[in-house]
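# Architecture and fold: a report
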Amino acid sequence: MTRDEVLAEFRAAGALLEGHFILSSGLRSPVFLQKAKVFADPARTEKLCRALAGKVKAELSEQPTVIVSPAVGGIVPGYETARQMGLKALYVERENGEFTLRRGFELSAEDKVLVVEDIVTTGLSSRECIEAIQATGATVLAEACLVDRSGGEADVGVPLIALTEYKVPAYPADQLPPELEAIPAIKPGSRGLA
């Protein structure tokens, strides 16, 4: 899928929002991708994750044996990408502020993991997820995401395969441009829920 095709799916779902948003990273942005609206439509989610699975298969020389995603935002695309690839889908969630496998999920040193995220902005959640996976002894081959908001600048510690890049400005709260300062900020993301 091209960048325009991916963004068209977000627009059609009413998921490309404009305003003043507080991202899960703490940065502020005039654009928010409300992926929950995309994931509410199984056909749209399948279409995007099928394309992501195809890109992963084409770009990785060694194929994963399992997919792991960070809760909450990564669970749906992780599951659907795993379904498209015929793999098991696990997720990490926060316990005492740190990502960990729970609910009886286990990884071993033989596992080759693909981390699947929804949106990557700074890569912080991704790095935390990858560290939790590596602590089990499993190998993380790469991370895949639907949208890389960093435009290729985020360092997640492993190769990052994005269905598309969509560079959107993001600012520290104390360095807002006047047009954002004039709009009340809202925090539509999921950080802090899990």
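The coordinates are above.
First, a word on what this report is: a plain description of the structure on this page. (Residues numbered from 1 in each chain as written. Predicted model: local features only at pLDDT ≥ 70, side-chain atom pairs only at ≥ 80, totals over all residues. Heavy atoms only, no water.)

This part covers the overall build of the protein chain. On a plain count of helices and strands, the protein chain comes out with six helices and eight strands. Tracing the protein chain from N to C terminus, the helices and strands come up as α-β-β-α-α-β-α-β-β-β-α-β-β-α. Its C-alpha atoms give the protein chain principal-axis dimensions of about 50 × 35 × 25 Å. Across the 194 residues in the protein chain, those meeting the buried criterion constitute 46%. A separation of at least 24 residues holds for 63% of the contacts in the protein chain among residues at least 6 apart in sequence. Here the protein chain contributes 21 positive and 27 negative side-chain charges, whose respective centroids are spaced 4 Å apart. (Helix = DSSP H or I, 4+ residues; strand = E, 2+ residues; numbered from the N terminus. Buried < 20%, exposed > 50% of the residue type's maximum accessible area, 1.4 Å probe, protein only. Contact = heavy atoms within 4.5 Å. Lys, Arg positive; Asp, Glu negative; His and termini not counted. Charge placed at Lys NZ, Arg CZ, Asp CG, Glu CD.)

Moving on to the state of the cysteines. Overall, the coordinates contain zero disulfides when judged by the stated rule. Here Cys-49 stays free of any disulfide, with the sulfur of Cys-145 as its closest cysteine sulfur at 11 Å. Residue classification places Cys-145 among the buried residues on the basis of a relative accessible area of 0%. (Disulfide = S-S within 2.5 Å.)

Overall, mixed pairing links the six strands, which are arranged β5-β4-β3-β6-β7-β8 in an open sheet. Because the sheet does not close on itself, it has two edges, and the strands there are β5 (98-101) and β8 (160-165). The sheet shows a mean angle of 25° between the axes of neighbouring strands, taken without regard to direction. Sheet topology note: the strand β3 (residues 66-70)/strand β4 (residues 88-95) ladder contains five bridges and is parallel. Each bridged residue has a counterpart across the sheet, and for Ser-69 the counterpart in β4 is Tyr-91. Across the sheet, helix α1 (residues 3-12) lies against β6 (112-120), β7 (139-148) and β8, angled at about 75° from β8, the strand it touches most. Each of β3, β4, β6 and β7 touches helix α4 (residues 75-85); the most contacted strand, β3, lies at about 170° to it. (Pairing = 2+ DSSP bridges. Axes fitted to C-alpha atoms, helices over the stretch in contact; angles between N-to-C directions.)

Quick look at the packing of helix α3 (residues 42-59) against α4 now. Close contact between α3 and α4 brings their axes to 8 Å; oriented N to C, the two are set at 60°. It follows from the interaxial angle that α3 and α4 lie oblique. Taken as a pair, α3 and α4 cross one another with a handedness that is right-handed. Residue-level inspection shows Thr-45, Glu-46, Cys-49, Arg-50, Leu-52, Ala-53, Val-56 and Lys-57 of α3 in contact with α4, the latter providing Val-76, Pro-77, Glu-80, Thr-81, Arg-83, Gln-84 and Met-85. For the contact of α3 with α4, the residue count by class is seven nonpolar, three polar and five charged. (Parallel < 35°, antiparallel > 145°, perpendicular 65-115°, else oblique. Left-handed = near helix turned anticlockwise from the far one by under 90°. Nonpolar A, V, L, I, M, F, W, Y, C, P; charged D, E, K, R; others polar.)

A word on the packing of α1 against α3. Interhelical geometry of α1 versus α3 gives an angle of 165° and a closest axis separation of 11 Å. When the axis of α1 is compared with that of α3, the two are roughly antiparallel. The chirality of how α1 crosses α3 is left-handed. Contacts between α1 and α3 involve Val-6, Glu-9, Phe-10 and Ala-12 from the first element and Arg-44, Lys-47 and Leu-48 from the second. Residue composition of the contact of α1 with α3, grouped by class: four nonpolar, no polar and three charged.

Now for the pattern of salt bridges. A side chain of one charge can pair with a side chain of the opposite charge if their charged atoms are brought near each other. Across all of its chains, the model carries 13 salt bridges by this definition. When the shortest N-O distance is used, the salt bridge between Glu-93 and Arg-103 registers 2.6 Å. In this pair, Glu-93 sits in strand β4 while Arg-103 sits in the loop between β5 and β6, placing the two residues ten residues apart along the sequence. Given the relative accessible area of 7%, Glu-93 is considered buried. (Salt bridge = Lys/Arg side-chain N within 4 Å of Asp/Glu carboxyl O.)

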